[in-house]
Each structure stands twice: as structure tokens, then as C-alpha cells.
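# A structural walkthrough
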Amino acid sequence: MNTGTKIVIVGLGYVGLPLALLAARKGYDVTGIDKDDEKIKLLNNKTAPFRDESIKKSLALKDLKISYVSDFSTVKDSEIVVICVPTPVFSDHTPNLEPVKVAARNIAKHLRKGQLVILESTVNPDVTESIVLPLLEEESGLIGGKDFYLAHAPERINPGDTKWNVENINRVVGSLEEVGLEKVSAFYESILTGSVHKMASLKEAEAVKVVENSFRDINIAFANELARSFTRLGIDVVNVINGAATKPFAFMAHYPGCGVGGHCIPVDPYYLIEHAKKNGFEHDFLMLARRINNQMPYFTVEQLTQGLNDVQKSVRGSVVAVLGVSYKANIDDCRESPSFEIIKLLKEKGAVVRIFDPYVAQESTVGSLTEALTGADAVIMATAHEEFKACKAKVYADLSVRVVVDGRNALIKDEFMKAGIIYKGIGR
Ligand code: SAJ
């Protein structure tokens, strides 16, 4: 099925670009489509548009049949079209399906008989059938499940993960009907080393993704609630979670932190919450977990306030360095990062805020860790980048830092306390 088969990948971000390069490595003739002309230019120059070692390596490969364009006309020549555009939420947490709708309308203009359209973007159950299918049919005049095939294969990319990648992660797939299901399974089986699990319907495939990420969100919320409780009880929650994790079954460790960021975990539960609400069901538990996780930036600033009070200082007028803007360690993605909420709260309280993230120059107000620490009254480490974890307590003490809030419990508490620095973790 691979050699020379033409496929189109719509959306060349963290999800679409790894998939496009993997399919090209597996012998497909790939066209990547993206609306960002800058990104198209970078890719045509074999330059990665974002930091990712495996992307860099794949772009350097010589004999890949892959091109990058911004128009959709190549869709008509392809066998398979995969939609990998973002599915964010609006500020009121309702799903923003505009990118998916725009992609579907553009594909429909060039859709022809026999093609397979796959949606990889994370959506709530029913979106593929009730929103994407009509858009494809209206513009093309073709009938889904008969003239063309429609499937959903929720993405499972984990940015920064060196173990699990686009090729070896197991996938689930669902389709409108049997032929489409066989076709989508055959496609993923032709490029993955991971397994391909067939679901009984599109809705089940859509539900798998929102369930797996809601599972992670509620477990993080559990850890965060424990952290706030154990702070009052004088118990180190990280030690307790690690102790519980020695149980070889029925426990999965999640850890507290200064907040839950990224384009998946804090977003996907709202897709399920809003869809269920429209169908008369309130996901109280998922909503509570979202509230607990959204509270963590406030709790982090509370920890800072107490730390400064311990050295007879107030937040107002203090120089506070926020280390880390990306939502998780050692990547440059800042989407939904709790750091932004922390910075906003600090400014509202009158702190003089410095920002440094080695991966995110455009959000940094200083150019180095030393510059961030020099003369800072307090530091909040919001992202556990390797550079921050490697910085010894002595460096902080020598630069007269008085208080450190360890937003990812990634520093060595005793080392900081021995250096005479007020250490506040999240639950420790
Ligand atoms: N976080 C915590 N405590 C934890 C784990 C994460 O506070 O125990 C925070 C992180 O700091 C980050 C946010 O939650 O701000 C999300 O972290 P994440 O590790 O879940 O990273 P993501 O957003 O890249 O999640 C991806 C997801 N993959 C897909 O949606 C395809 C998720 O399903 C994976 O479980 C996750 O990677 C993973 O396991 O690393």
C-alpha cells in the first residue's frame, strides 16, 4: 500500500509533521498542507519549525518523497487525507472546532470517489459524524461511507517523549462503516510498529481520547488536592505518592505541580464536559478536577507569599524570577502554560517579575539563568527544564536569593534548606 501511494496531511504541527515524516519514511508520497507560509518555507528548507530532535533527523533524510504546500489542490491526487489541525477551546472552555471545519471545507472542494479522510485531531464523540461528514458531503456532493470513507484515529503524540513516538505508540481507529474501518486500519498498520485497535464506531474512537486524557487530568487533580492538604499536615506528598507507587498494581503515580498546561490535558476534558452538558449530563467530577488544577497557580503564588513573609518581605516590590514558560520540561511549547497565570498574579500583587526560559526566548525578559537569579528576592520554578534542575542551591545563595518555590518539586529540598534558603514545594 505504501510505495508511491499519495497521501495528504493537513496541519503540520506537533501531530501532523511527525506523521507526515513517518509516512514518507515508510514509502508514501506525502504532501503536507499548512496555512502558515513561514512554516512551509522552513520545511521546504528542511528546517524544523519547532524544537524536536526526531523531526530534525527526519528532515535531513535525502530520499523522502515529501513536499509542503499551503493550498489544497493536491487533495484530488491523493488516496488518503489526514486532518491534524488544532482543536483548542475558547476562553469559556467551549470547544473551538473552526480549524477542523475550515480543513473539512477545503478538503471537500477537491474530494473525489474512493478517498479515505481521517480525522486525528482530538474531538468529543459525535464531531466526526455530525460536523465533519456533512461538510465533506455538502461541498463535494459525494456520500460518506459509500463514495468516500471517513475515519477517526485520535492522535497520541507526546511531545518531548524519547521513548514513545509517532511510530511505536498503539492507536485506536473507528469509521462510519466496515470498508472505511479496514482502510484506516490498513493505513496505520502500514506505518506503525505499535498496534492498531479497531473500535466499533467513530464515537467510540473519539471517546477513547477524551477519556484517556480526562483520566490523566483527574489523577493530577487528586495529586494536587493531596498536595494542598499535606502542606497543612506537614507531610511530604511526593514521598507518599512514591511510597504508594511501590504497590505493583492498581496505583498509577501522578504528581502535584504549579498547574496543568499543554494542548491536551487541560483542554480535552472540556470537550467531553460540554458535549455531555448539551446532552443533559453534568460531569461534576471532571469539572471539579479542572477547578482543582486551575487553582494551582494561585496556590503556587500563595506559597511564594508565605515564603517572602518568612523573610519579612511582601510580594509587592519584591523581585521575583519565574523560571520556565513552556508547559512541560525540555520543550518550547507554551500552550495553556500555568506560568502565564502565575506571572499575571505576581504582577497584580505588585511584584517586579523577571522571566527566563531557555526554550522560549520570545517570552523571556532576561537572557540567562544567572541574570534571572542575580538579586532576585524569590524564584518560582514553573517548568523543570534540565538547566534549572542542574542549578545548585549554592548558586542561588551566592546570588542572594532568599525564597525558592519549586513548582514542579524537581529541586533537592534539603540542599536549599541547608543553604539557608526558604524552600516551598507543592505539597512538600
Ligand atoms: N502534569 C502534572 N502532574 C503530572 C503529570 C503532568 O502536573 O503527574 C502537568 C505537566 O506539568 C503539564 C501538564 O500536566 O503542565 C500536561 O502534562 P503531560 O505530561 O500530560 O503532557 P502532555 O500535555 O504533552 O500530554 C501528553 C498527552 N498525550 C496525548 O494527548 C496524545 C497525554 O495523553 C499523555 O498521557 C502525556 O503526554 C504523557 O503521558 O506524557
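For the structure itself, look to the data block above.
First, a word on scope: everything that follows refers to the structure included in this document. (Residues numbered from 1 in each chain as written. Predicted model: local features only at pLDDT ≥ 70, side-chain atom pairs only at ≥ 80, totals over all residues. Heavy atoms only, no water.)

## Topic: the overall build of the protein chain
- If you tally the helices and strands in the protein chain, you get 16 helices and 13 strands.
- Structurally, the protein chain occupies a C-alpha span of about 75 × 50 × 40 Å along its principal axes.
- In the protein chain, which comprises 428 residues, the share counted as buried stands at 54%.
- Put simply, 72% of the contacts in the protein chain that link residues at least 6 apart link residues at least 24 apart.
- A total accessible area of about 18600 Å² is found for the protein chain, and carbon and sulfur atoms account for 54% of it.
- Looking at the protein chain, you have 51 positive and 54 negative side-chain charges, and the mean spots of the two groups are 4 Å apart. (Helix = DSSP H or I, 4+ residues; strand = E, 2+ residues; numbered from the N terminus. Buried < 20%, exposed > 50% of the residue type's maximum accessible area, 1.4 Å probe, protein only. Contact = heavy atoms within 4.5 Å. Areas by Shrake-Rupley, 256 points an atom, 1.4 Å probe, with all protein chains shown as cover. Lys, Arg positive; Asp, Glu negative; His and termini not counted. Charge placed at Lys NZ, Arg CZ, Asp CG, Glu CD.)

## Regarding the pattern of salt bridges
- Going through the model one piece at a time under the given rule, you end up with 24 salt bridges.
- For R112, the salt bridge is made with E79, and the minimal N-O distance between the two is 3.5 Å. Of the two residues, R112 is situated in the loop between helix 4 (98-108) and strand 5 (116-119) and E79 in the loop between strand 3 (66-69) and strand 4 (80-83); the sequence distance between them amounts to 33 residues.
- Relative accessible area serves as the criterion here: at 30%, R112 is assigned to the partly exposed category.
- The network of salt bridges with shared partners includes R25, K26 and E167. (Salt bridge = Lys/Arg side-chain N within 4 Å of Asp/Glu carboxyl O.)

## Remarks on the packing of helix 4 against helix 5 (residues 127-140)
- Look at helix 4 against helix 5: their axes get within 8 Å of each other, and the N-to-C directions meet at 30°. As the angle between them shows, helix 4 and helix 5 are arranged roughly parallel. Between helix 4 and helix 5 the crossing geometry is right-handed. Of the residues in helix 5, those touching helix 4 at V100, K101, A104, R105, I107 and A108 are I131, V132, L135, L136, E139 and S140.
- For the contact of helix 4 with helix 5, a count of residues per class yields eight nonpolar, one polar and three charged. (Axes fitted to C-alpha atoms, helices over the stretch in contact; angles between N-to-C directions. Parallel < 35°, antiparallel > 145°, perpendicular 65-115°, else oblique. Left-handed = near helix turned anticlockwise from the far one by under 90°. Nonpolar A, V, L, I, M, F, W, Y, C, P; charged D, E, K, R; others polar.)

## As for the sheet that holds strand 5
- An order of 3-2-1-4-5-6-7-8 is seen for the eight strands of this open sheet, with the pairing classed as mixed. Among the strands making up the open sheet, the edge pair consists of strand 3 and strand 8 (196-198). Between one strand axis and the next, the sheet turns by 25° as a mean value, whatever way the strands run.
- Bridge count for strand 7 (residues 171-175) against strand 8 is three bridges, and the pairing is parallel. Looking at the pairing, V173 lines up with K198 of strand 8.
- Together, strand 1 (6-10), strand 4 and strand 5 form the strand contacts of helix 4, whose direction differs from that of strand 4 by roughly 165°. (Pairing = 2+ DSSP bridges.)

## Examining the site of the ligand
- Around the ligand, 19 residues are found, and the nearest of them are N158, N213, R216, Y255 and Y327.
- Contacts to the ligand include N213, whose side-chain N or O atom sits 2.5 Å from an oxygen atom.
- Between the ligand and K328, the relevant distance is 3.0 Å, taken from an oxygen atom to a side-chain nitrogen or oxygen of the residue.
- In the complex, the protein chains occlude 84% of the 740 Å² of accessible area that the ligand would expose alone.
- Here the shell around the ligand is built from residues that sort into eight nonpolar, five polar and six charged. (Near = heavy atom within 4 Å. Polar contact = N/O pair within 3.5 Å; in protein donor to acceptor, adjacent residues only side chain to side chain.)

## Notes on the environment of A186
- Inspection of the secondary structure puts A186 in helix 6 (residues 178-191).
- In this structure, the C-alpha to C-alpha distance between A186 and V196, residues ten residues apart in sequence, is 8.9 Å.

## Points about the layout of surface pockets
- Computed from the structure, the second largest pocket encloses a volume of approximately 910 Å³.
- G13, C84, V85, P86 and R335 are the residues nearest the centre of the second largest pocket, which is lined by 37 residues in total.
- Looking at the lining of the second largest pocket, the element that brings in the most residues is helix 4, giving five residues.
- Of the residues that constitute the lining of the second largest pocket, the class distribution is 18 nonpolar, eight polar and eleven charged. (1 Å grid on protein atoms, 1.4 Å probe; cavity = no way out; pocket = protein on both sides within 12 Å on 5 of 7 lines; lining within 4 Å. Points joined across faces, edges and corners; volume = space filled by probe spheres on them.)

## Concerning the nonpolar core
- Counting 40 residues, the largest nonpolar core has I9, V30, Y68, V82, I118, F187 and Y188 as the members making the most contacts within it.
- Take this core: its biggest share by element is seven residues, from helix 1 (residues 16-25).
- Of all hydrophobic cores here, the second largest spans 38 residues; its members include V81, I83, A108 and L136. (Core = buried A, V, L, I, M, F, W, Y, C linked by side-chain atoms within 4.5 Å.)

## Considering the packing of aromatic side chains
- Enumeration over the complete set of coordinates arrives at six aromatic pairs.
- Their ring planes at 75° and their centres at 5.5 Å tell us that Y28 and F187 sit as a pair that is edge-to-face. Here the residue Y28 occupies a position in the loop between helix 1 and strand 2 (29-33), and F187 occupies one in helix 6, the gap between them amounting to 159 residues. The residues Y28 and F187 share a single accessibility class, namely buried.
- On the numbers, 4.9 Å between centres and 70° between planes, the contact of F187 with Y188 is edge-to-face. Take F187 and Y188: they sit in the same class, and that class is buried. (Phe/Tyr/Trp six-rings, centres within 6.5 Å; stacked < 30°, edge-to-face > 60°.)

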